[in-house]
Amino acid sequence: MFRAALFKPQQVWAEPNLINLASEVNSRMMDHAVSKLVDYALQTGLIEENERVWAVNTILDVLKLDSIAESPKNEGEIELAPVLEALLDDAHARGVLAENSVVYRDLFDTELMGRLTPRPAQVIAKFQALYREDPRKATDWYYKLSQDTNYIRRDRIAKDMQWKASTEYGELDITINLSKPEKDPKAIAAARDLPASNYPRCQLCAENEGYAGRVNHPARQNHRIVPITINDSPWFLQYSPYVYYNEHCICLNSQHVPMKIDRSCFGKLLDFVRQFPHYFVGSNADLPIVGGSILAHDHFQGGRYTFAMAKAPVETPVAFPGFEDVKAGIVKWPMSVIRISSQDSQRLVELAGRILTAWRGYTDESAMILAETNGVPHNTITPIARMREGVYELDLVLRNNLTTEEHPLGLYHPHAELHHIKKENIGLIEVMGLAVLPARLKEELAAVADGLAKGTDLRASELTAKHAAWAEAFADRYEITPENALEIVQKETGLVFAKVLEHAGVYARNEEGKAAFLRFLGTV
């Protein structure tokens, strides 16, 4: 891996000629790193050959350097992360990068990459030209661009732990998120001292495109968004910088307006998959607890990935009066899902609207379904749209955010006995069958596996104590060895996630729950 050797002359106790030699070596290595970054931009198509001199000079400007020696052209494939690391290390050594923490380094390397990122008009024109040929060509190019500019940081995404877990509902995806950097204390302190700002209003707003960032808001000079029209309204398309699954995209309303699940939402989702039939798209619910992390800005998430829920079959067909032409049924899934499909998207919009209206006002106290308490609404839907062999399909996941004394975080939320694995809200991505687990579990689950293999007391360690009861409950079912211990722990983690989804389902997976589910469907 390429890395510059750094020299700080004031720390070198040697003859002046050795200091000069060290400085000269470091200078040559920086010249090479700058050239390598520009060659990377050429290799990936961010710039053209006739822009090389301009690119060198704009990078020198960011680095506060006034010259560069000619370096041989790099012919082999260039790995971006170590090149940026070397440039940042040198910038910090020279005092150009004031702080050497991840927040400040991210702000600085994003400025570097922003100088090499094509202008918005160029990106839009290229995307639209490719879309006219084939929507897949457009998204393939745009997704690669978002990685090549380092907006999606490939090196960090590669750190995420991922595995699949076999359950009665199919293979669930499990990921431990390690790609989101944690803020350092200096950045947190600096953020406290910043004046309040509402620009950009949130991390989804279009005003993020090209924004330089600050310690409490990520830099986005290398970020490009593409305008799209869905259901006759102006939206934008972009990719998530954290990429929880393949081509994880975000569709955002051009206006900063709150999330809202309504009839027009269903129309937008179905119009999106009409235009991008190789993608699915879904929306988080519009209420706290059962919604996503950003409820203030209307947006959807989609991508090119087939989740376990999409593979799950309909286990109980149902018919809705007046919609006999629409296939419908209850999906075999831990949550409560109604699947409807038709070649006519408008019929799905009409039926989905009717189901939503019925669910918003539905109360069944015997099943602990309350539409509202003290005027606060509880019922909503998490919808997901896709094309399946030329047919429109909508999955409508019934949600309820009721809280009780026993379950103050939510009755239809992971219960306390599962919080050692998953305590966070169950949003769209989890609903479809992908567990996004906290980074702490990388070390904790490894420690549980090690303790099980060695037969040590899991309750004696802070790392494993919270997992002890769970691990002790499954340990006797296996012949655990050092070689298979982690695999077993990961398998059991997947089973916990299946239970998490069952807790989030409003109807229990038993005969009583099924009868209650059918009672509701009979009211539509």
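Definitions and cut-offs
Residues numbered from 1 in each chain as written. Predicted model: local features only at pLDDT ≥ 70, side-chain atom pairs only at ≥ 80, totals over all residues. Heavy atoms only, no water. Pairing = 2+ DSSP bridges. Helix = DSSP H or I, 4+ residues; strand = E, 2+ residues; numbered from the N terminus. Axes fitted to C-alpha atoms, helices over the stretch in contact; angles between N-to-C directions. Contact = heavy atoms within 4.5 Å. Buried < 20%, exposed > 50% of the residue type's maximum accessible area, 1.4 Å probe, protein only. Polar contact = N/O pair within 3.5 Å; in protein donor to acceptor, adjacent residues only side chain to side chain. Expected span 1.5 Å × (residues − 1).

## Some remarks on the sheet that holds strand β14 (residues 391-400)
So, step 1. Spatial strand order, β3-β4-β5-β7-β6-β13-β14-β10-β9-β8: 10 strands in an open sheet with antiparallel pairing. Both edges of this open sheet fall to β3 (226-230) and β8 (314-318), since each of them pairs with a single strand only. Taken pair by pair, the neighbouring strands of this sheet meet at an average axis angle of 25°, ignoring direction.
So, step 2. Taken together, the 10 bridges between strand β13 (residues 379-388) and β14 define a ladder with antiparallel strand orientation. Note on β14: the bridge partner recorded for T380 is R399.
So, step 3. Sitting on the sheet, helix α9 (residues 263-275) touches β3, β4 (233-239), β5 (249-253), β6 (280-282), β7 (299-303), β13 and β14, and the angle it makes with β13 is about 20°.
So, step 4. Here helix α11 (residues 345-360) sits on the sheet in contact with β10 (337-342), β13 and β14, set at roughly 10° to β14.

## Here's the deal with the environment of R224
So, step 1. By the secondary structure assignment, R224 is in the loop between α8 (185-193) and β3.
So, step 2. On the basis of relative accessibility, which here comes to 9%, the residue R224 falls in the buried class.
So, step 3. For the pair R224 and S146, spaced 78 residues apart in the sequence, the C-alpha separation amounts to 7.8 Å.
So, step 4. Residues contacting R224, with those up to four places away along its chain left out, are G114, T117, P118, R119, P120, V123, Y142, E209 and G210.
So, step 5. Within the local environment of R224, its side chain forms a polar contact with the backbone oxygen of Q221, the two atoms lying 3.0 Å apart.

## A closer look at helix α2 (residues 52-63)
So, step 1. The terminal C-alpha atoms of α2, which comprises 12 residues, lie 17 Å apart, in line with the 16 Å expected from a rise of 1.5 Å per residue.
So, step 2. K64, located one to two residues past α2, shows a positive phi value of around 60°.

## Here's the deal with unusual backbone geometry
So, step 1. Cis geometry is adopted by the peptide bond preceding P200, which originates at Y199 and carries an omega value of -15°.
So, step 2. By the element assignment, P200 lies in the loop between α8 and β3.
So, step 3. For N150, which is not glycine, the phi torsion reads 75° and is therefore positive.
So, step 4. Tracing the backbone through its elements, the reader meets N150 in the loop between α6 (135-148) and α7 (154-157).
So, step 5. A positive phi angle, near 65°, is found at D232, a position not held by glycine.

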